[in-house]
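The lines below spell out each chain.
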Amino acid sequence: MRIYDVSVPISARMPMYPGDPGVDIRQWLSLEKGDPANVTAIYFGAHTGTHVDAPAHFIQGGGKLDSLNLNILLGQAYVIEIPADVIEITGSHIDTNCPNGAKRILFKTRNSAFWNEQTGQFHTDYTYISQQAAQRLVANGTQLVGIDYLSVEQFQSKRFATHETLLANGVVIIEGLDLRQVQAGVYELICLPLKIAEGSGDGAPARVVLRTLD
Ligand SMILES: [Zn+2]
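Criteria and thresholds
Residues numbered from 1 in each chain as written. Predicted model: local features only at pLDDT ≥ 70, side-chain atom pairs only at ≥ 80, totals over all residues. Heavy atoms only, no water. Donors = N, O, S within 2.8 Å, 3.2 Å for Na, K, Ca; no water. Tetrahedral: all angles 85-135°; square planar, octahedral: opposite > 155°, others 65-115°. Helix = DSSP H or I, 4+ residues; strand = E, 2+ residues; numbered from the N terminus. Buried < 20%, exposed > 50% of the residue type's maximum accessible area, 1.4 Å probe, protein only. Core = buried A, V, L, I, M, F, W, Y, C linked by side-chain atoms within 4.5 Å. Contact = heavy atoms within 4.5 Å. Arc of directions from axis to C-beta.

S.K.: Just to check I follow, could you spell out the coordination of the zinc ion for this structure?
M.R.: In a perfect tetrahedron of four donors around a metal, the angles come out at 109.5 degrees. In a perfect octahedron of six, they are 90 or 180 degrees. Note on the zinc ion: its protein donors are His47 (ND1), His51 (NE2), Asp53 (OD) and Glu175 (OE). The metal-donor distances range over 2.0 to 2.4 Å. Here the zinc ion binds four donor atoms, and the angle range of 76 to 169° at the metal identifies the geometry as irregular. Linear spacing of the donor residues for the zinc ion on their chain is H-x3-H-x1-D-x121-E. Within this pair, whereas His51 is found in strand S4 (residues 51-53), its partner Glu175 is found in strand S10 (residues 172-175), the two being separated by 124 residues in sequence. By relative accessible area, which is 0% here, His51 ends up buried.

Here's what the structure looks like:
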């Protein structure tokens, strides 16, 4: 059995979705400075790095992160590889690539290569999921969708139709996956977002791993 860590490291130098809070990691207490322990203080937005979106992210009165069903976040998932020349994942990509009834689908796209960079630059031309594709996923019975960059939505979308279609139908979204090391196939997904109380419950960073089924 092999374990792939598909989470990105959280740091002040990681790419941020424009407008989101940055990351600030500081030494709060420090052994070196004579404190009794090392304690780090961490500040970041709920949609930092590898993270889960809850319905409350886009839907007024929608389910909060702590209401997500762990049965959806854990279990068999398909990694579907999308060719490197694709910018928009369409309904026909879903029809040709996604097995009917697949509960969890993670898209490996050209976006994963962005994680090779150390510059912290945010790419606006990332591959995204169209609303039509989102509708097809819902119709297929998909309960969880993941993508390998910081949004499932086309950059600067005004309507956020992909998010709304997925979240309104109870589909859990994982964004910011690093699928560079993972080949297309079936894996066991383990995705556990931080259990953050307060705030609007719109999302939380998660450690996400994939285990081979052998
Ligand atoms: Zn998000």
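S.K.: Help me understand the nonpolar core, please; the structure alone is not making it clear to me.
M.R.: Side chains that are nonpolar tend, in soluble globular proteins, to be buried together. Grouped together as the largest cluster of nonpolar side chains are 24 residues, with contacts concentrated most on Val52, Leu106, Leu189 and Leu210. Of all the secondary-structure elements, those providing two or more residues to this core are helix H1 (70-73), strand S5 (74-81), S10, strand S11 (185-193) and strand S12 (203-211). If you tally residues by element for this core, the top one is S12, at four residues. The residues contacting Leu210, other than those within four sequence positions of it, are Arg2, Ile3, Tyr4, Val6, Val79, Leu106, Leu179, Val182, Tyr187, Glu188 and Leu189. Ile82, Val86, Ile105 and Val145 belong to the second largest nonpolar core, which has 20 residues in total.

S.K.: Got a minute to help me understand helix H3 (residues 131-139) in this structure?
M.R.: Side chains of residues three or four places apart in an α-helix project in the same direction, reflecting 3.6 residues per turn. Listed as buried for H3 are Ala133, Ala134 and Leu137. The arc enclosing the buried residues of H3, seen along the axis, measures out at 100°, which places them on a common side. Its buried side turned inward, H3 meets strand S6 (88-89), helix H2 (91-97), strand S7 (104-108), strand S8 (128-129), strand S9 (144-147) and helix H4 (161-168). Phi turns positive, to about 90°, at Gly141, one or two residues after H3.

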